[in-house]
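Observations on the three-dimensional arrangement
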Amino acid sequence: MAYDTSLNFVFWTPTKIVFGENTALDVAIEVGNLKCKRALIVTDKDLVKNTDIPEKVRKALGNSCVGIFSDVEPDSGLHIVNQGAKLGRELGADCLVSAGGGSAIDTAKGMAILLKEGGKLQDYVGLQLLTRPQTPHIVIPTTAGTGSEVSYGAVIEDHEQRKKLIFADYNFIPNVAILDPKMTEGLPRGLTAATGMDAMCHAIEAMHSLQREPVTDGIALHAIRLIKEFLPRAVNDGKDMRARGQMLISANMAGTAFSNAQLGMVHALAHSIGARFKVHHGLANSILLPACVRYNADACGEVYLEILSAMGMSITRISLDEAGNVLSDKIAEFTKGLGLPQRLRDVGVRQEGLKECSEISLSDGTIVYNPKFISDSAEVLKVYQQAW
Ligand SMILES: [Fe+2]
């Protein structure tokens, strides 16, 4: 066991988890439990256009629903959060019910701040600037990956300034996460695979993070076991409710693990590629993970053996020195089986943009928790080149 057993840590997970098929239909009970009466649904255009999910949630809320804000876009921007909060204020909303993927959930987190504090959302960019609990927020995820339903982070784009605003605060962690497999049933195959690999990256990065500790390790290891078993099933048969459910649980567990243990270079590199080339977050993570594991291999032999074991491999004949390379190959084989692209060049990334991405990655907040200290962008560039 590679822990420093003298290490102090804080583990914090205040979100109530409700799991089961059709549990989203009981959302009104959770609104009542929070002593709220006027819920505003926050969801995205695509879900309104292509699914009956927002309508189902509205019906389930009954009289406690005051409206639907459905203008959320992928990588939601500041102006969307402002519009949503304005609507919430006009309707007198006292709680938010977000139904969607990471973008809808993060938009609702921003709205929760504005509805409680007023002012400008930009004033709360950064770490732990809020001093009291924010507007109550219930999340119904429609993807299994981001873990945003339990995380203390939110990412909102500032399109004018062309940058991502990062918020991190215990005071806006959602109050309730309703994990209803029926809500992910219609998620297309490619998105199921990519979002599932985001969850896998959260679990693996939580384990190799400098801030890993026994509680997060336990949670992350089981998330890895579940993802290994159930993600291929969910990808191959979207109607497999057992697999959909276990993926919602594992993404949630991975979210809990990384919210406490933090992430590492995979996310730093994925954020830069995502911003520069508009590559889907889960897809960028999935492609970069094998190269990053290889890069960290000499610092993480023991951890990577534990992860290999959780992925179902016999590790008795694998040495500490070999573990990183074996894990890297194992992950690539796994994502290939899911039908995901293997190289950055396959998803529209141009080689000449990699240098700039390497430099931006060094200022990403997640890179400081990487098991190996990185301060030279040339090191990052080598990893990008490997994945390209
Ligand atoms: Fe992620």
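As a reminder, the structure under discussion sits directly above these lines.
It should be emphasised that the depicted structure is a prediction, and the values quoted were computed from it without experimental measurement. (Residues numbered from 1 in each chain as written. Predicted model: local features only at pLDDT ≥ 70, side-chain atom pairs only at ≥ 80, totals over all residues. Heavy atoms only, no water.)

1. Quick word on the sheet that holds strand β8 (residues 163-168)
- Judged by pairing direction, the sheet is mixed, and its 3 strands sit side by side in the order β5-β8-β7 without closing on themselves. Each edge of the sheet is formed by a strand with only one pairing partner; in this case those strands are β5 (126-127) and β7 (153-158).
- Note: β7 against β8, 6 bridges, orientation antiparallel. The partner of Ala 154 across the bridge, within β8, is Phe 167. (Pairing = 2+ DSSP bridges. Helix = DSSP H or I, 4+ residues; strand = E, 2+ residues; numbered from the N terminus.)

2. Some points on the nonpolar core
- Of all hydrophobic cores here, the largest spans 78 residues; its most connected members are Ile 273 and Leu 344.
- The biggest single contributor to this core is helix α7 (residues 214-236), with 11 residues.
- Other than its neighbours up to four places away in sequence, Leu 344 contacts Ile 273, Ile 287, Leu 288, Val 349, Leu 354, Tyr 384, Ala 387 and Trp 388. (Core = buried A, V, L, I, M, F, W, Y, C linked by side-chain atoms within 4.5 Å. Buried < 20%, exposed > 50% of the residue type's maximum accessible area, 1.4 Å probe, protein only. Contact = heavy atoms within 4.5 Å.)

3. Some thoughts on the environment of Ala 299
- In this fold, Ala 299 is placed in the loop between α10 (281-296) and α11 (301-310).
- Contact partners of Ala 299, with chain neighbours within four places excluded, come to Pro 371 and Lys 372.

4. Observations regarding the coordination of the iron ion
- Around the iron ion, the donor atoms from the protein are Asp 198 (OD), His 202 (NE2), His 267 (NE2) and His 281 (NE2), and they sit 2.1 to 2.2 Å away.
- Of note, the donors binding the iron ion are all from one chain and are spaced D-x3-H-x64-H-x13-H. In this pair, Asp 198 is assigned in helix α6 (residues 189-208) and His 281 in helix α10, connecting sequence segments 83 residues apart.
- Of the residues examined, Asp 198 reaches a relative accessible area of 4% and is grouped as buried.
- With relative accessibility at 27%, the residue His 281 sits in the partly exposed group. (Donors = N, O, S within 2.8 Å, 3.2 Å for Na, K, Ca; no water.)

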